[in-house]
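Summary of the model geometry
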Amino acid sequence: MNLDDDTKWLEWVAKQFESIAGEDKEIDLEEFKAALKVKESFFAERFFALFDLDGSGTISLDELLEALKLLVHGSETDKLRFLFQVYDVDGSGSIEPEELRTVLESCLKESSISLPEKKLDDLTLALFESADSDNSGSITFEELREELERFPEVMENLTISAASWLKPPTALRKSHAPRYLRPAYWHNNRSKLLFLGSYLCMNIILFTFAALKHVDSGPWIMLAKGCGQCLNFNCAFIVVLMLRRCLTWLRATWVARLLPLDQNVILHQLMGYAVAVLTAVHTGAHVANFVRMSQTKGTYQLWEYLFTTQPGIGWIYGTASLTGLMLQLLIALMLVCSSTFVRKGGHFEVFYWTHLSYIFIWALLIVHGPNFWKWFVVPGFLFLLEKIFGVAMSHVGGLYIVEINLLPSKVTHLVIKRPPFFHYKPGDYVYLNIPVIAKYEWHPFTISSAPEQPGTIWLHIRSLGQWTNRLYEYFWNQQECHDHRSEWLDRKAKAKKKNRSQKWVQKCLFGSSDLDQPVASSSDEMVEILSYMPIRHPSWETASIPGRLSENQRLCNIKCYIDGPYGTPTRRIFTSEHAVLIGAGIGITPFASILQSIMFRHRMRKQTSSSQENMKLLKVDFIWINRDQKSFEWFVSLLTELEINQAEEDPSNRFLEMHLYMTSALGKNDMKAIGLQMALDLLAKKEKKDSITGLKTRTQPGRPDWNKLFQKLAKENKGKVHVFFCGSPALAKVIKAHCEQFKFQFFKEHF
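Just so you know, these numbers come straight off a predicted model, no measurement behind them.

1. Some points on the overall build of the chain
Helix and strand counts for the chain stand at 28 helices and 13 strands. Per-residue burial over the chain gives 47% buried out of 751 residues. Accessible area for the chain stands at about 39,400 Å²; split by element, carbon and sulfur atoms hold 59% of it.

Spelled out as structure tokens, the structure:
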């Protein structure tokens, strides 16, 4: 910072302090905790004690500014001294093992990481042994400095959340050209821009020719006819964008390189808005013309033009006005009910049922306009074929959910019996219908199992909407009923065994009523007798109840239907040279299938020594970003298997490289996490595995530094980089902007 920036920053900090401190102009511990937004009070108390220079129990503005200057503008030694004082709880001038353990325990809580006590002891020992170079049993300031110097990335930017909480206002960025005008944007979006340009030109040409044909009828008729001809085209072509089977087939052809097939849903929505606007203008122009005719000719009143067939306007019994008004209402209703607020606000049924009004819209369009059927006949025929084929295929054979597994973060893992005729590609998705959840609702989900997996297909469904929440709750309630029933059966069996044991003991101890019958005919019978007694030897314990797979996993037999499979942008992965797969949270599901298939083909390629195993891939980078520790449990077994498959490969030249990030964990540049991250690194090197996931790949704290990561990928020179993303739209925008900067091709899941 220069002097001007520093002055502005100090003024801004003073204003922030006044808003927090109140009338007494002092910040106490509770106000400090709330402002610092730390999860663990240990760090708030330690920071407060170090900020409170006079030991008064409150922090003044001068004390706060002095402390923040040290943390933001201070030297490396100043920051290290502050860190050492945080760790030196008793102020003895050295850090003892118990103090270090307390700090690391607080670090774990601050980063929302849960580890066993044994693992915490291992982390403490690993860091302490590494830092205590003279084996004195304590860590001095110089030893801590030497330890930190082994982690240069930590020394670059040492700060705490307080510096972020009271940081200078963001400096005004230098003006740059809008991203839509940059060459990289045009290069990466050329197929979409070419399509949109052609679409716009087509509408202009149709409007112009239709309007010129009616130049003698006045401007209102010209406007209405021009919009009407555009509506003929748009209302027919909007169907083409939702021919999923045809689009899936086209993805395997050269057409996929020319047309933006991967963005068909976005283009469908865009065309829907165009239809709504054209309909409103078309209707308005006709109404304006009816007003003119009712005033000049006087043959019919305005209401007769609008609500009767007497004027004879239209090619079928003069119904153009009536059908036009009905079309206007239906299209407006469909537009409103297709909004994001309705679809993702727990009202999917409203969107679904109102969207089915397209059947009535097409019927009304055929009656309304004399030329619409000519535009509609081919797309309509293809749409009808797809629907008939889809219904037939979804009801052929018996499809059943044979196993469910309730995973962390309300994720439902469904295992569905795979029909013999069902063939799909990695990353494909299906529409799923489960009658017991909702009889008429179909929802799209990515297949998470690989095509090479026989017998079953997997779906991982996160509870984000009304239907997915009902699905999770249904199986959760089923699991609860199953557990209660098992518990009741266990109690009943124990009661029965207890009753039998009393009779058997009496028989064993006092003999049978029939003195001629032996108490036990064999040693096996004697073991059986003893097994019913209340006190048993551990070696005689019976096996667990059959059918219980795990706590949240069970077998079932629930009817379901699937429509698909349908292709996605991820089908291009196998024609890429360097593929970067980025999944956020449950966004890993398409890549779970793809990674399994990629490794299968990679092994086949190595075994056959062929470079043409239906795959051009030279390198795959898999990036998985999760919010918390439990989210990694979804596919940790799959990732472990992938690491085992690569165990024999050179680590510096691996075909598959994994990058795991946990956003709730604080980074190495935060004082509340420095010790923990250093200990995790040291223990990972020692045990050859990550303490959070158990994988060999180290879980990185925080979010990826996309600029740094993409620079690394670009320097590897493994061919043209294609980035495939599945996750939140907000993150997609960030990654897409970086892809444009590095001229990487970007693909996002759309369905």
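2. Considerations on the packing of aromatic side chains
For the coordinates displayed, the defined rule picks out 33 aromatic pairs. Consider the rings of F42 and F43, whose centres lie 5.2 Å apart with planes at 80 degrees: the pair is edge-to-face. Classification of F42 by relative accessible area gives buried; the value is 10%. When the ring of W353 is compared with that of Y440, the centres are 5.7 Å apart and the planes differ by 70 degrees; the resulting orientation is edge-to-face. Here W353, found in helix α19 (residues 348-355), pairs with Y440, found in the loop between β3 (429-433) and β4 (443-446); they are 87 residues apart in sequence, far enough to count as distant. W353 gets classed as partly exposed once you look at its relative accessible area, which sits at 47%. An aromatic cluster of three or more residues is present, and its members are F42, F43, F47, F51 and F82. Here the basic side chain of R244 rests over the ring of Y566, its NZ or CZ set 6.0 Å away from the ring centre. For K559, the ring lying beneath its charged end belongs to Y400, and the centroid distance is 5.0 Å.

3. Remarks on helix α7 (residues 117-131)
Compared with an ideal rise of 1.5 Å per residue, which puts 15 residues at 21 Å, α7 spans 21 Å between its outermost C-alpha atoms and is within 8% of the ideal. Within α7, the full set of buried residues consists of K119, L120, D122, L123, T124, A126, L127, F128, S130 and A131. Taken together, the buried residues of α7 touch α6 (97-110), α8 (141-148) and α26 (674-687).

4. Quick notes on the sheet that holds strand β11 (residues 699-701)
Across a sheet, paired strands are connected by hydrogen bonds in the backbone, their directions being either parallel or antiparallel. In space, the six strands of this open sheet follow the order β11-β10-β9-β8-β12-β13, with parallel pairing throughout. Each edge of the open sheet is held by one strand with a lone partner, namely β11 and β13 (745-748). When strand polarity is set aside, the average angle formed by the axes of neighbouring strands in this sheet is 20 degrees. Sheet topology places strand β9 (residues 619-626) next to strand β10 (residues 656-662); seven bridges connect them, and they run parallel. What sits directly across from D621, in β10, is E657. The strands touched by helix α28 (residues 729-742) within the sheet are β8 (578-584), β9, β12 (721-726) and β13, with β13 carrying the most contacts at an inclination of about 165 degrees.

5. A word on the pairing of β3
Counting buried residues in β3 gives five out of five residues, a clear majority hidden from the surface. On β3, burial covers both faces: Y429, Y431 and N433 on one face and V430 and L432 on the other are all buried. Bridging between β3 and β4 involves four bridges; their strand directions are antiparallel. Bridge assignment links Y431 to a residue of β4, and that residue is P444. By the bridge criterion, four bridges tie β3 to strand β7 (residues 561-566) in an arrangement that is antiparallel.

6. As for the sheet that holds β3
Taken in spatial order, the three strands line up as β4-β3-β7 in an open sheet, and their pairing is antiparallel. Every other strand in the sheet has two partners, leaving β4 and β7 as the edge strands with one partner each. The mean inter-strand angle of the sheet, taken between neighbouring strand axes irrespective of direction, is 30 degrees.

7. Quick look at the pattern of salt bridges
Applying the stated criterion to the full structure yields 16 salt bridges. One salt bridge in this structure joins R145 and E142, with 3.7 Å as the shortest N-O distance. With R145 and E142 both in helix α8 and three residues apart, this pair spans about one turn of that helix. In this structure, the salt-bridge partner of E716 is K619, at a minimum N-O distance of 3.0 Å. Taken together, the residues span a long stretch of sequence, with E716 in the loop between α27 (706-715) and β12 and K619 in strand β9 at a distance of 97 residues. By relative accessible area, which is 21% here, E716 ends up partly exposed. Linked through salt bridges whose partners overlap, the residues forming this network are K619, D621, E657, K712 and E716.

8. Some thoughts on the UniProt feature "domain: EF-hand" (unreviewed entry) in the chain
Using the residue numbers shown here, the UniProt feature "domain: EF-hand" (unreviewed entry) corresponds to residues 39-74, 75-110 and 119-154. Taken as a whole, residues 75-110 contains 72% helix and 0% strand, while its terminal C-alpha atoms sit 26 Å from one another.

9. Re the packing of helix α5 (residues 76-87) against α8
At their nearest, the axes of α5 and α8 sit 10 Å apart, and the two run at 115 degrees to each other. What the angle tells us is that α5 and α8 run roughly perpendicular. As for the relative orientation of α5 and α8, their crossing is right-handed in sense. The residues of α8 that touch α5, namely those facing E76, T77, L80, R81, L83 and F84, are F141, L144, R145 and L148. Partitioned by chemical class, the residues of the contact of α5 with α8 number six nonpolar, one polar and three charged.

10. Notes on the environment of T248
By the element assignment, T248 lies in helix α14 (residues 244-250). Exposure remark for T248: the relative accessible area of 10% places this residue in the buried category. Remark: the alpha-carbon pair of T248 and P569, spanning 321 residues in sequence, is separated by 9.8 Å. When sequence neighbours within four positions are dropped, the list of residues in contact with T248 reads Y566, G567 and R571. Polar side-chain contacts of T248 include one of 2.7 Å to the backbone oxygen of R244.

11. Observations regarding the UniProt feature "transmembrane region" (unreviewed entry) in the chain
Residues annotated by UniProt as "transmembrane region" (unreviewed entry) correspond here to residues 193-211, 231-250, 270-292, 312-338, 350-368, 388-408 and 579-600. End C-alpha to end C-alpha, residues 193-211 measures 27 Å, and it is 100% helix and 0% strand. In this annotation, residues 579-600 is assigned 55% helix and 27% strand; the end-to-end C-alpha distance for the span is 16 Å.

12. What to know about α6
Between its first and last C-alpha, α6 extends 20 Å over 14 residues, near the 20 Å set by a 1.5 Å rise per residue. For α6, the full list of buried residues reads E99, L100, R101, V103, L104, S106, C107, L108 and E110. Lining the buried residues of α6 we find α3 (41-51), α5, α7 and α26. A positive phi of about 60 degrees marks S112, the residue just after α6.

13. Focus on the environment of T412
Structurally, T412 is set in strand β2 (residues 411-417). With 48 residues separating them along the chain, T412 and H460 place their C-alpha atoms 5.7 Å apart.

14. Topic: the environment of Q711
Residue placement: Q711 occurs in helix α27. Sequence separation between Q711 and F742 is 31 residues; the distance between their C-alpha atoms is 7.9 Å.

15. Digging into a nonpolar patch on the surface
A cluster of nonpolar residues, W315, I366, W373, V377, V378, F381, L382 and L385, forms a patch on the protein surface that exposes about 760 Å² of accessible area. For the nonpolar patch, the element with the most residues is helix α21 (residues 372-394), which contributes six residues. Given the relative accessible area of 32%, I366 is considered partly exposed.

Rules and cut-offs
Residues numbered from 1 in each chain as written. Predicted model: local features only at pLDDT ≥ 70, side-chain atom pairs only at ≥ 80, totals over all residues. Heavy atoms only, no water. Helix = DSSP H or I, 4+ residues; strand = E, 2+ residues; numbered from the N terminus. Buried < 20%, exposed > 50% of the residue type's maximum accessible area, 1.4 Å probe, protein only. Areas by Shrake-Rupley, 256 points an atom, 1.4 Å probe, with all protein chains shown as cover. Phe/Tyr/Trp six-rings, centres within 6.5 Å; stacked < 30°, edge-to-face > 60°. Lys NZ or Arg CZ within 6 Å of the ring centre and 35° of its normal. Expected span 1.5 Å × (residues − 1). Contact = heavy atoms within 4.5 Å. Pairing = 2+ DSSP bridges. Axes fitted to C-alpha atoms, helices over the stretch in contact; angles between N-to-C directions. Salt bridge = Lys/Arg side-chain N within 4 Å of Asp/Glu carboxyl O. UniProt positions renumbered as here; feature names shortened; annotations may be inferred. Parallel < 35°, antiparallel > 145°, perpendicular 65-115°, else oblique. Left-handed = near helix turned anticlockwise from the far one by under 90°. Nonpolar A, V, L, I, M, F, W, Y, C, P; charged D, E, K, R; others polar. Polar contact = N/O pair within 3.5 Å; in protein donor to acceptor, adjacent residues only side chain to side chain. Patch = residues over 30% accessible without salt bridge, like charges linked within 9 Å, V, L, I, M, F, W, Y side chains within 5 Å.

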